Protein chains: 2
Amino acid sequence: MMELTRKGEYAVRGIIHLARQPYGTVVLLGEIAEAAEIPQTFLAKIFQNFAKLGFINSYRGTGGGFSLARPAAEITLRQVVEAVEGPIAPNRCVAPAGECVRSATCTVHTVWRQVQLQAQETLDGVTIEELAREESP
Amino acid sequence: MMELTRKGEYAVRGIIHLARQPYGTVVLLGEIAEAAEIPQTFLAKIFQNFAKLGFINSYRGTGGGFSLARPAAEITLRQVVEAVEGPIAPNRCVAPAGECVRSATCTVHTVWRQVQLQAQETLDGVTIEELAREESP
DNA sequence: ACCTTCAAGACCATTTTTATCTTTTTTAGT
DNA sequence: ACTAAAAAAGATAAAAATGGTCTTGAAGGT
């Protein structure tokens, strides 16, 4: 239940790899994909999205690649995960677009809400910098 | 991300409906399905599984149906959810069958582990009896 | 010009979800 | 015994999500 998809897993691994380089370093997509063991074309899609969202910068042409657009300490795990997987919600009824008719009276709703808040808080409390720093290759 | 499926939602709604009846009452599948707005044949599958797992008893033939096999206060939300959705795990790397090679060194792993533990605890702390009692029709 | 690298969009196979349908088995009541 | 009711079990299937690939285009460096 409630599992991160490959896309989410790849996104996290990819951005952590980028965060391990000195800040500002431009890294080839192929290098990240190889190092993090991610299908390159798949990672391309993920990073295209990250660039749009302002997490990373992309540069075309010779010497091109990707670099972090802001310090890794200012990117939370929640931001990364939600960027690819959408809002964290253990049930439809607590999703932002949720049209839960029963929310006022339904106790299960409050349980899902609590699970949601706990997960959000936990992921908010972790930055990519921490993950890049502490994780071994 | 991490959303309960319809099956899980139906399972919870179905067993709560059963728990609202006086303990031991045998209820028709069709009645539960109608009351909880669940496709009957789908609920049948879910309840077959519940019966196998010992949450509910099933009775065939005339006057048959389903009843709780143990008091609703002794069935937790986590048990119900895991029965249909499988173990709670925000990422493969913290799943019971998980073959996470990096678990020793990977910090992300510990984050997912924490999310997992919090969700498990929360769902462990809620019984079907509470949900049946407090929830309005 | 030409090569490199990312962007964008179409495409596609597989798996999961969300069911339905049919047949069989069990049971109660007559 | 017979019959009707009800769940069990298994086959089937449409729709959606997942996990990618491929092609073409655009931008940048040499």
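Above this note sits the structure.
Everything numeric in this text was worked out from a predicted model, so none of it was measured.

A.B. asks: Any chance you could break down the protein's contact with DNA strand D for me, citing the residues and the numbers?
C.D. replies: Around DNA strand D sit 25 residues, and of these Y10 and R60 of chain A together with K45, S58 and R60 of chain B come closest. Considering the 4 Å shell around the protein, atoms of DNA strand D inside it are sugar or phosphate in 72% of instances. Take K45 of chain B: an N or O atom from its side chain is 2.7 Å from a base nitrogen of DNA strand D. Mapped by element, the contributors of at least two residues to the surface near DNA strand D are α1 (6-20) and α3 (40-53) of chain A together with α3 (40-53), β1 (56-59) and β2 (65-68) of chain B.

A.B. asks: Before we move on, can you summarise the relation of the copies chain A and chain B with the specific residues and values?
C.D. replies: For the pair chain A and chain B, the best superposition has an RMSD of 0.1 Å and corresponds to a rotation of 180° with a translation of 0.0 Å parallel to the axis. Taken together, the turn and the small shift mark the pair as related by a two-fold rotation axis. Identified as the residue of chain A closest to the rotation axis by C-alpha distance is M2 of chain A, at 1.6 Å. A share of 100% of interface residues in chain A that are also interface residues in chain B marks the association as one of identical surfaces.

A.B. asks: Explain the interface of chain A and chain B to me, using residue names and the numbers behind them.
C.D. replies: Of the residues lining the interface, 40 residues belong to chain A; the matching set on chain B comes to 40 residues. Carbon and sulfur atoms supply 58% of the area that chain A and chain B bury against each other, a total of about 3,500 Å² over both sides. For the interface between chain A and chain B, the tally reads zero salt bridges. Residue assignment for the side of chain A that touches chain B shows that the elements contributing at least two residues are α1, α4 (77-85), α5 (107-124) and α6 (128-134) of chain A. Examining the composition of the side of chain A that touches chain B, we find that 10 residues originate from one element, α5 of chain A, more than from any other. Residue classes in the side of chain A that touches chain B are distributed as 21 nonpolar, nine polar and 10 charged.

A.B. asks: Can you tell me about the protein's contact with DNA strand C, naming the residues and giving the values?
C.D. replies: Around DNA strand C sit 25 residues in total, of which K45, S58 and R60 of chain A together with Y10 and R60 of chain B are the nearest. Sugar plus phosphate, as a fraction of atoms of DNA strand C within 4 Å of the protein: 70%. Between DNA strand C and R6 of chain B, the relevant distance is 3.0 Å, taken from a phosphate oxygen to a main-chain nitrogen or oxygen of the residue. R60 of chain B places a side-chain nitrogen or oxygen 2.7 Å from a sugar or linking oxygen of DNA strand C. Taken together, the elements giving at least two residues each to the surface near DNA strand C come down to α3, β1 (56-59) and β2 (65-68) of chain A together with α1 (6-20) and α3 of chain B. Considering only residue class, the surface near DNA strand C consists of seven nonpolar, 10 polar and eight charged.

What counts, and where the lines are drawn
- Residues numbered from 1 in each chain as written.
- Chains lettered and ligands numbered in written order.
- Predicted model: local features only at pLDDT ≥ 70, side-chain atom pairs only at ≥ 80, totals over all residues.
- Heavy atoms only, no water.
- Near = heavy atom within 4 Å.
- Polar contact = N/O pair within 3.5 Å; in protein donor to acceptor, adjacent residues only side chain to side chain.
- Helix = DSSP H or I, 4+ residues; strand = E, 2+ residues; numbered from the N terminus.
- Least-squares fit on C-alpha atoms with pLDDT ≥ 70 in both.
- Contact = heavy atoms within 4.5 Å.
- Buried area = accessible area lost by both parts, 1.4 Å probe.
- Salt bridge = Lys/Arg side-chain N within 4 Å of Asp/Glu carboxyl O.
- Nonpolar A, V, L, I, M, F, W, Y, C, P; charged D, E, K, R; others polar.

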